[in-house]
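Close look at the chain arrangement
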Amino acid sequence: MTVSHTDIAHTDNDNRDTQQATDEQANAVALSDNKAADDAADSRHGAATTARQWQVLSQLKRNRWVGTTHVYEQLILAGFDISLRTVQRDLNALAKRFPIEKNNANPQGWRWEDDAPLQSLPHMNLSQAVAFNMVEANLSQLLPPVILDELFPWFDLARRQLKNSKVTHSWIDRVRIEPATQPLIAPHIDLDSKDNIYHALFYQLQIKASYTRSNKSQASEYTLNPIAIIQRGVIIYLLATRTDDSETIIRTFALHRFASVEILESAAKTPDNFQLDNYLDAGGMGFSHPLFRQLPNHGKYTAIELQFTKQAGKSLTESKLSDDQIVSINNDETLTIQATVNLTSQLVWWLRGFGNGLLNAKPGLLYQAVLDKVVEDI
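Residues numbered from 1 in each chain as written. Predicted model: local features only at pLDDT ≥ 70, side-chain atom pairs only at ≥ 80, totals over all residues. Heavy atoms only, no water.

1. A word on the nonpolar core
Ranked by internal contacts, the top residues of the largest apolar core, which has 28 residues, are Ile197, Leu224, Leu238, Leu239, Leu255 and Phe258. Every element with two or more residues in this core is listed here: helix H7 (191–203), strand S4 (205–211), strand S5 (220–232), strand S6 (235–242), strand S7 (251–254) and strand S8 (258–267). Ignoring any residue separated from it by four or fewer positions in sequence, one finds Leu238 in contact with Ile197, Ile207, Leu224, Pro226, Ile227, Ala228, Ile229, Arg251, Thr252, Phe253, Leu255 and Phe258. Ranked by size, the runner-up nonpolar core spans 22 residues in total, among them Phe308, Leu347, Val348 and Ala361. (Core = buried A, V, L, I, M, F, W, Y, C linked by side-chain atoms within 4.5 Å. Buried < 20%, exposed > 50% of the residue type's maximum accessible area, 1.4 Å probe, protein only. Helix = DSSP H or I, 4+ residues; strand = E, 2+ residues; numbered from the N terminus. Contact = heavy atoms within 4.5 Å.)

Written out as structure tokens, the structure is:
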């Protein structure tokens, strides 16, 4: 077979064209791979930025300024490897897209604007909205400000969710929590003092307080170790020890009697082995009565016997005074209740509420306390 120069030339041209096409295809693939790698890197970088900035937004509060340094420290704890300058840039960038504001102070603080919409909260169903509504109505007095600040947006969302729900409004209109005793108006509490007490308790710090005792007209200065908050009726009490008390006696302080409270940097000290439930079970919030101080252990865990008219004592057949309570129906249609309780002023006040329905009480000191109407003010 004879091959001409023309055929060879055509073949060489074809080979060059094929090689060029192959090279162009390879370059295109390489460029595509590089672009995909760059896109993936950009995507990873963008995702990291979004996650970081979302974390920045989550640190901001309503009605309270949060320092840039605090936000930076929280992000470091969350595992972000960034600089303070990056956080500052993030906040300035986010302020252009989200309703957040700065106070231009030194150090600078940031917060959500008062009318900021709840953009970061997920959808809340009606059951959750009812629960948050009841928490706000019944527990907000006992929650520390640091937690309330977190919950206020949820309370707001719950109110909005319930606003147009006829079914939920029907439920709320049919549920109430009524006190078992005469309703009283809560005394005025200095809000700054309350916030500082709750803050100190939450972070376990000591406080310096100006406090007026019930039997005094002038306030006294105390340095206290906050231990617990207890609400009894409409009165909120702080359990605390005084730093000038060598016996570290746990005392009760009514919040409405605090004139001012300063948070100290020193750590609060809690008595060894203190357990709030054990303290309450032992009658710690019952408050002592002067007549019972002559009894062993001031009347704690005392066996009592109460005699009621049948009508007056009926409620005690359904709700017990103690787990070991025994109810006896006497021949004269009266009731005798035997139980083991702590003898306190609270018990005395409660028994007085039965009036002539309480016929007798043992030990004799208990009945004397009810009849004498001598109760030590606290």
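2. Points about the packing of helix H2 (residues 68–77) against helix H3 (residues 84–94)
Angle between the axes and distance between the axes are the two parameters that describe a pair of packed helices. For the pair H2 and H3, interaxial distance at closest approach is 9 Å and the crossing angle is 115°. One element, H2, and the other, H3, form an angle in the roughly perpendicular class. The element H2 and its partner H3 pack so that their crossing is right-handed. Side by side, H2 and H3 meet where Thr68, Thr69, Val71, Tyr72 and Leu75 of the first sit next to Leu84, Val87, Gln88 and Leu91 of the second. For the contact of H2 with H3, the class distribution of residues is six nonpolar, three polar and no charged. (Axes fitted to C-alpha atoms, helices over the stretch in contact; angles between N-to-C directions. Parallel < 35°, antiparallel > 145°, perpendicular 65-115°, else oblique. Left-handed = near helix turned anticlockwise from the far one by under 90°. Nonpolar A, V, L, I, M, F, W, Y, C, P; charged D, E, K, R; others polar.)

3. Notes on unusual backbone geometry
A cis amide bond links Asn106 with the next residue in sequence, Pro107, at an omega value of 5°. Within the secondary structure, Pro107 is located in the loop between strand S2 (100–102) and strand S3 (109–112). In this chain, Lys362 is followed by Pro363 through a cis amide linkage whose omega measures 5°. With respect to the element layout, Pro363 can be found in the loop between strand S12 (358–362) and helix H11 (364–372). A positive phi angle is found at Gln204, which is not glycine, with a value near 55°. As for its position among the elements, Gln204 is in the loop between H7 and S4. For Thr248, which is not a glycine, the phi torsion comes out positive at approximately 45°. Following the sequence through the fold, Thr248 ends up in the loop between S6 and S7. Since its relative accessible area comes to 44%, Thr248 is described here as partly exposed.

4. Some remarks on the environment of Phe152
Considering the arrangement of structural elements, one finds Phe152 in helix H5 (residues 145–163). Sequence separation between Phe152 and Glu136 is 16 residues, and the spatial gap between their C-alpha atoms is 8.7 Å.

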